[in-house]
Amino acid sequence: MIISPPKKTESFGYFDRYITKVPYKDLIKGFDESYGDFFDFIDDLPEETLNFRYQPDKWTIKEIIGHIIDCERVFTYRAMRFGRGDKTPLPGFDENEYAKNSNAGKRNIDELVVEFADVRDATESLFLSFDEEMLDRRGKANDIEVSVRALGFMIVGHQLHHLEIIKERYIR
């Protein structure tokens, strides 16, 4: 099954900026290719670059990877809830507190790569379990209505957003 991009009416607000970054016409292909491209790029970076902060209050690349992993888990949880028909509005989360308490910056890059691969595999399996009706279901998270399909594309777009930031601000 091909999971096509969401319609403009499937997401509102802040997260549209991630969805619009996604060039893939099939979400599953997007999961696979964006993950591969991300780590093909990260794989060549030396440890000093992975631990670099372009400003004192900004995350390192390792911390960005931890942030991407955490956000993918949150977005996937939301997709599971909405896809299963749960209409309970979900709260937002404090990404800065998550990052501060993740220990990602202290971990070995190989551990982060394995964790990201595991999370991505679980995400892909969940989205492959959805049928069209489930993908079209909506719920509210952080006071924003969003479809399950849009959440999947947000996951890919969020990762692409952070890869752009890494390329622009961290690579000297």
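Calculation notes
- Residue numbers run consecutively from 1 along every chain, following the written order of its sequence.
- Given that this is a predicted model, residues contribute local features only at a pLDDT of at least 70 and side-chain atom pairs are listed and counted only at 80 or more, while totals for whole chains, interfaces and linings are drawn from all residues.
- With hydrogens and water excluded, all non-hydrogen atoms of the structure serve as input to the side-chain values.
- By nonpolar core we mean a set of buried residues, namely Ala, Val, Leu, Ile, Met, Phe, Trp, Tyr and Cys, connected to one another through side-chain atoms within 4.5 Å.
- The classification of residues rests on relative accessible area computed with a 1.4 Å probe and restricted to protein chains. Under 20% of the type maximum is buried, over 50% is exposed, and intermediate values are partly exposed.
- For helices the rule is a DSSP run of H or I covering at least 4 residues; for strands it is a run of E covering at least 2, with both sets numbered from the N terminus onward.
- The contact definition used throughout considers only heavy atoms, calling two residues in contact when any of these lie within 4.5 Å.
- Method remark: on a 1 Å grid restricted to protein atoms, a set of points is classed as a cavity if a 1.4 Å probe fits but cannot get out and as a pocket if it is open with protein on both sides within 12 Å along at least five of seven lines; lining residues have an atom within 4 Å of a point.
- Grid points are joined across faces, edges and corners, and a volume is the space filled by probe spheres set on the points.
- Only Asp, Glu, Lys and Arg are considered charged, only Ala, Val, Leu, Ile, Met, Phe, Trp, Tyr, Cys and Pro nonpolar, and every remaining residue, Gly among them, polar.
- Stacked, tilted and edge-to-face are the three classes applied to pairs of Phe, Tyr and Trp rings, where Trp contributes its six-membered ring and a pair requires centres within 6.5 Å; stacked means planes under 30 degrees apart, edge-to-face means over 60, and tilted covers the rest.
- A ring is considered to have a charge above it if a Lys NZ or an Arg CZ atom is located within 6 Å of its centre and within 35 degrees of its normal.

Visitor: Pulling in residues and values, what's your account of the nonpolar core?
Guide: Core analysis: the largest hydrophobic core is formed by 30 residues, its most contacted members being Phe75 and Phe127. Listing elements by their share of this core, those giving two or more residues are helix H1 (16–19), helix H2 (27–42), helix H4 (61–83), helix H6 (109–129), strand S2 (144–147) and helix H8 (148–169). Ranked by residues supplied to this core, first place goes to H8 with 8 residues.

Visitor: If you had to explain the side chain of Thr60 to someone new, which residues and values would you point to?
Guide: Its location among the elements puts Thr60 in the loop between helix H3 (47–50) and H4. Residue Thr60 is classed as buried on the basis of its relative accessible area of 4%. Apart from residues no more than four positions distant in its own chain, Thr60 is found in contact with Leu50, Asn51, Phe52, Arg53, Gly105 and Tyr170.

Visitor: Residues and numbers for empty space enclosed by the protein, please.
Guide: Taken as a whole and judged by the stated rule, the model has 1 cavity of 30 Å³ or more. Taken as a whole, the largest cavity holds about 30 Å³ of empty space. Lining of the largest cavity is provided by Phe15, Arg78, Ala141, Ile144, Val146, Leu151 and Met154. If you list the elements that add at least two residues to the lining of the largest cavity, you get S2 and H8. Of the residues assigned to the lining of the largest cavity, the class counts are 6 nonpolar, no polar and 1 charged.

Visitor: Can you tell me about the layout of surface pockets, naming the residues and giving the values?
Guide: Empty space within the largest pocket amounts to approximately 330 Å³. In terms of lining, the largest pocket is formed by 17 residues, of which the most central are Lys58, Trp59, Glu95, His162 and Ile165. Of all the secondary structure elements, the ones that give two or more residues to the lining of the largest pocket are H1, H4, helix H5 (95–100) and H8. For the lining of the largest pocket, the element with the most residues is H8, which contributes 5 residues. A breakdown of the residues in the lining of the largest pocket according to their chemical character gives 7 nonpolar, 5 polar and 5 charged.

Visitor: Tell me what's going on with the packing of aromatic side chains, and back it up with residues and numbers.
Guide: Geometrically, a pair of aromatic rings is defined through the distance of the ring centres and the angle of the planes. Tallying each qualifying case throughout the model produces 12 aromatic pairs. Here Tyr35 and Phe39 contribute two aromatic rings whose centre-to-centre distance is 5.0 Å and whose plane-to-plane angle is 50°, an arrangement assigned as tilted. Of this pair, Tyr35 and Phe39 are both found in helix H2, 4 residues apart, which corresponds to roughly one turn of the helix. For the pair shown, Tyr35 and Phe39 are each scored as buried. Linked through ring pairs, Tyr35, Phe38, Phe39 and Phe116 together constitute an aromatic cluster. Here the basic side chain of Lys167 rests over the ring of Phe41, its NZ or CZ set 5.2 Å away from the ring centre.

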